[in-house]
Amino acid sequence: MGRIARPPADDQEASVYWEGKWDARGKRFKANEVSCAHRTEAFGTIFVVTNLENGRKIRCPVQDRGPYARGRVLDFSLGAAREIGCDGLCRVTVRRAGYE
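What comes next is a walk through the structure. Because the structure is a prediction, the values reported are computed rather than measured.

### A look at the overall build of the protein chain
Point 1. For the protein chain, the count of helices and strands is one helix and six strands.
Point 2. Along the protein chain, helices (α) and strands (β) appear in the sequence β-β-β-β-β-α-β when read from the amino end.
Point 3. In summary, the protein chain has a C-alpha radius of gyration of 13 Å against a globular reference of 13 Å for 100 residues, a match within 12%.
Point 4. Seen through its C-alpha atoms, the protein chain measures out along the principal axes to roughly 40 × 30 × 25 Å.
Point 5. Burial status across the protein chain gives 40% buried among its 100 residues.
Point 6. Of the contacts formed within the protein chain by residues at least 6 apart in sequence, a portion of 72% connects residues at least 24 apart.
Point 7. Total accessible area on the protein chain is roughly 6100 Å²; 50% of this is exposed by carbon and sulfur atoms.
Point 8. Averaging the coordinates of the 18 positive side-chain charges in the protein chain and doing the same for the 13 negative ones gives two points 5 Å apart.

Set out below in structure tokens:
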């Protein structure tokens, strides 16, 4: 049976993380690279994320698990946060690449 498509996330909260030496895949976490953490999506899934505060968009691969704070949809690495212009918490729209 195939995967069930989840609806896109509109106007959700995302945060930034930079701590930890290892990600959930068992690889070294590189904070300055563009990546994100999602609770359930498969590693390697690419999201197109739009910052609703400034309109910037990035393509961000899922490479870790999280966020663990209630109400958040993604955790950005520092590199991704810099590119999208998020400095802590930001409101975002999330789409899977190819479905935006």
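### Focus: the nonpolar core
Point 1. Judged by nonpolar contacts, the single largest core of 19 residues is most densely connected at V49, L74, F76, V92 and V94.
Point 2. Of all the elements in the fold, those that place two or more residues in this core are β1 (9-16), β3 (46-51), β4 (57-64), β5 (72-76), α1 (78-84) and β6 (89-96).
Point 3. Once residues lying within four places of it in the same chain are set aside, the contact partners of V92 are A9, D10, D11, Q12, A14, V49, T50, N51, L52, V73 and F76.

### Overview of the environment of W18
Point 1. Among the structural elements, W18 can be located in the loop between β1 and β2 (36-37).
Point 2. Expressed as a C-alpha distance, the spacing of W18 and K30, which sit twelve residues apart in the sequence, is 8.4 Å.
Point 3. Not counting residues up to four positions away in its chain, the partners in contact with W18 are F29, A31 and L78.

### A closer look at the pairing of β6
Two faces, one strand: in a regular strand the side chains alternate between the faces of the sheet.
Point 1. Bridge analysis of β1 against β6 gives five bridges, and the strand direction is antiparallel. Looking across to β6, one finds that S15 is bridged to L89.
Point 2. As paired strands, β3 and β6 are joined by five bridges and run antiparallel to one another. What sits directly across from N51, in β6, is V92.

Cut-offs applied
- Residues numbered from 1 in each chain as written.
- Predicted model: local features only at pLDDT ≥ 70, side-chain atom pairs only at ≥ 80, totals over all residues.
- Heavy atoms only, no water.
- Helix = DSSP H or I, 4+ residues; strand = E, 2+ residues; numbered from the N terminus.
- Rg over C-alpha atoms; globule rule 2.2 N^0.38 Å.
- Buried < 20%, exposed > 50% of the residue type's maximum accessible area, 1.4 Å probe, protein only.
- Contact = heavy atoms within 4.5 Å.
- Areas by Shrake-Rupley, 256 points an atom, 1.4 Å probe, with all protein chains shown as cover.
- Lys, Arg positive; Asp, Glu negative; His and termini not counted.
- Charge placed at Lys NZ, Arg CZ, Asp CG, Glu CD.
- Core = buried A, V, L, I, M, F, W, Y, C linked by side-chain atoms within 4.5 Å.
- Pairing = 2+ DSSP bridges.

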